[in-house]
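Examination of the molecular architecture
This is what each chain is made of:
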Amino acid sequence: MNWFIFCAIMLVKLLTSLSITSSLECNTTESCYNIANQLQIDGTEQDYAESNAILYNSVNEWPNDPLLWGLYGKLNVFYTLSWSYALECITNSLLLDGTSYSNHRSYLYGGWLYSTPSYLNTTRADEYFNTAINFVIENNDTLNNFWPYFEYAAFLSHIMNKYDESKIYYDIADNASPNNPFINFFYGLLLKYHLNQEELGEEKIQSALHIASFIPGQAAGNLIFQSILFKSRQKYDEYQRCCSFSMEIIDPKLSGANIYCLNDTHLYDIKDGDNSDESKTKSVKLMLIFVIFISIEM
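Summarised in this report is the structure supplied together with it. All figures in this text were calculated on a predicted structure; none of them were measured in a lab. (Residues numbered from 1 in each chain as written. Predicted model: local features only at pLDDT ≥ 70, side-chain atom pairs only at ≥ 80, totals over all residues. Heavy atoms only, no water.)

Let us look at the overall build of the chain. Helices and strands together make up the secondary structure of the chain, namely 16 helices and 0 strands. Relative to its full complement of 298 residues, the chain shows a buried share of 54%. Here the contacts in the chain between residues at least 6 apart in sequence split such that 62% fall between residues at least 24 apart. (Helix = DSSP H or I, 4+ residues; strand = E, 2+ residues; numbered from the N terminus. Buried < 20%, exposed > 50% of the residue type's maximum accessible area, 1.4 Å probe, protein only. Contact = heavy atoms within 4.5 Å.)

Structure representation (structure tokens):
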């Protein structure tokens, strides 16, 4: 991991740890979950900080609630990139309830945690994704809940390089929700870069890009997370497409995670920007100024 990437990740973690207080209030597990979840959906760095504050206080007040721990795990896996704390959150969630359909999402979060460079364990990740899928099958809910199939398809392609098998699961998700932009984008990456269907793949990618401004902000954070995984697997084309898509969804100035892409050599090339060492050093200085400004505002 180069210095600029390390700096960007550390800044994201700093931004979300500057405060453990929130201007929003909740007094039940359900209301706290709903508020924290909506903040993550909105997806700016300030929203993640607010969600972090609510969940930090909530799991301390209700330490036996598996859904709160699971949502906290999601925040730390995808958006704050605090993977060591994500492990604690997800472990707590599944220890409290690892057998109910209502908590199956914690297995998805765990699957992605075990796909990260820091905690890579493909056997365990595969088990977690399949456990979530089995919950859906047992509850006859595939048409309403296609996400575990989509998540597993992405894992098979992004991490395992099992492209033909990935297509099987993408087809299940695509049939359930054919106009979903996230499915179209990642399915398009698979088709274009790994299954020799460049035209169809690009068509799917563009269908997602055309409605980028209408996609919730958290999608940008999810794309940044996937771009980290792609780069760790040396899949630079897909890494670049994820970064570019994320910056179409939400203004990079509002998302500390997007700093990761704004200071990458490949992205400078894509956007015909200045790729000099002087320019990149200036960008890091701007990141530091941004963090200082946010901390003052908070």
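End to end, helix H4 (residues 66–79) covers 20 Å across 14 residues, agreeing with the expected 20 Å (1.5 Å per residue, within 8%). A side-chain oxygen of the first residue of H4 lies 3.0 Å from the backbone nitrogen of Leu67; this N-cap is Asp65. After H4 finishes, the residue Leu81 shows a positive phi value of roughly 60 degrees. (Expected span 1.5 Å × (residues − 1). Polar contact = N/O pair within 3.5 Å; in protein donor to acceptor, adjacent residues only side chain to side chain.)

Taken as a whole and judged by the stated rule, the model has 1 disulfide. Between the sulfur atoms of Cys26 and its disulfide partner Cys32 the distance amounts to 1.9 Å. Handedness here is read from the sign of the S-S torsion; for Cys26 and Cys32, about 95 degrees, the answer is right-handed. On the basis of relative accessible area, Cys32 is assigned to the buried category, the value being 2%. (Disulfide = S-S within 2.5 Å.)

Okay, the layout of surface pockets next. Reported here for the largest pocket is a volume of approximately 730 Å³. The wall of the largest pocket is formed by 31 residues, among which Lys74, Trp147, Glu151, Gln218 and Asn222 lie closest to the centre. Elements supplying a minimum of two residues to the lining of the largest pocket: helix H2 (29–42), H4, helix H6 (105–113), helix H8 (147–158), helix H10 (181–194) and helix H12 (218–232). The residue inventory of the lining of the largest pocket, partitioned by class, reads 21 nonpolar, 7 polar and 3 charged. (1 Å grid on protein atoms, 1.4 Å probe; cavity = no way out; pocket = protein on both sides within 12 Å on 5 of 7 lines; lining within 4 Å. Points joined across faces, edges and corners; volume = space filled by probe spheres on them. Nonpolar A, V, L, I, M, F, W, Y, C, P; charged D, E, K, R; others polar.)

A few words now on the nonpolar core. With 77 residues, the main nonpolar core has Trp112, Phe185, Phe186 and Ile249 as its most contacted residues. The residues contacting Phe185, other than those within four sequence positions of it, are Lys204, Ile205, Ala208, Leu223, Arg241, Cys242 and Phe245. (Core = buried A, V, L, I, M, F, W, Y, C linked by side-chain atoms within 4.5 Å.)

Here the focus is the packing of aromatic side chains. In total, this model carries 25 aromatic pairs according to the counting rule given. Look at Trp112 and Phe225: their rings are 6.2 Å apart centre to centre, the planes differ by 85 degrees, and that puts the pair in the edge-to-face class. Taken together, the residues Trp112 in helix H6 and Phe225 in helix H12 connect sequence positions 113 residues apart. Like Trp112, the residue Phe225 is buried in the burial classification. Centre to centre, the rings of Phe150 and Phe182 are 6.0 Å apart; their planes meet at 50 degrees, and the pair counts as tilted. Here the residue Phe150 occupies a position in helix H8, and Phe182 occupies one in helix H10, the gap between them amounting to 32 residues. Each of the two residues, Phe150 as well as Phe182, counts as buried. By way of ring pairs, the aromatic residues Tyr48, Phe78, Tyr79, Trp83, Tyr109, Trp112, Phe129, Tyr149, Tyr152, Phe155, Tyr169 and Phe225 are connected into one cluster. (Phe/Tyr/Trp six-rings, centres within 6.5 Å; stacked < 30°, edge-to-face > 60°.)

Given 3.6 residues per helical turn, the α-helix brings residues three or four places apart onto the same face. Between its terminal C-alpha atoms helix H9 (residues 163–176) stretches 20 Å, which fits the 20 Å expected from 14 residues at 1.5 Å a residue. Buried-residue contacts for H9 involve helix H7 (122–138), H8, H10 and helix H11 (198–209).

Packing of H12 against helix H13 (residues 236–249) brings their axes to within 8 Å, and their N-to-C directions diverge by 165 degrees. Overall, the two elements H12 and H13 adopt an arrangement that is roughly antiparallel. H12 and H13 meet at a crossing whose hand is left-handed. Contact with H12, carried on its side by Ala219, Ala220, Leu223, Ile224, Gln226, Ser227, Phe230 and Lys231, involves Tyr236, Glu238, Tyr239, Cys242, Cys243, Phe245, Ser246 and Ile249 of H13 and no other residues of that element. Class assignment for the residues of the contact of H12 with H13 results in 11 nonpolar, 3 polar and 2 charged. (Axes fitted to C-alpha atoms, helices over the stretch in contact; angles between N-to-C directions. Parallel < 35°, antiparallel > 145°, perpendicular 65-115°, else oblique. Left-handed = near helix turned anticlockwise from the far one by under 90°.)

Secondary-structure assignment places Leu68 in helix H4. Separated by 36 residues in the primary sequence, Leu68 and Cys32 place their C-alpha atoms 8.2 Å from one another. In this view, Leu68 contacts Thr29, Tyr33, Leu55, Ser58, Val59 and Trp62; residues no more than four positions away in its chain are not counted.

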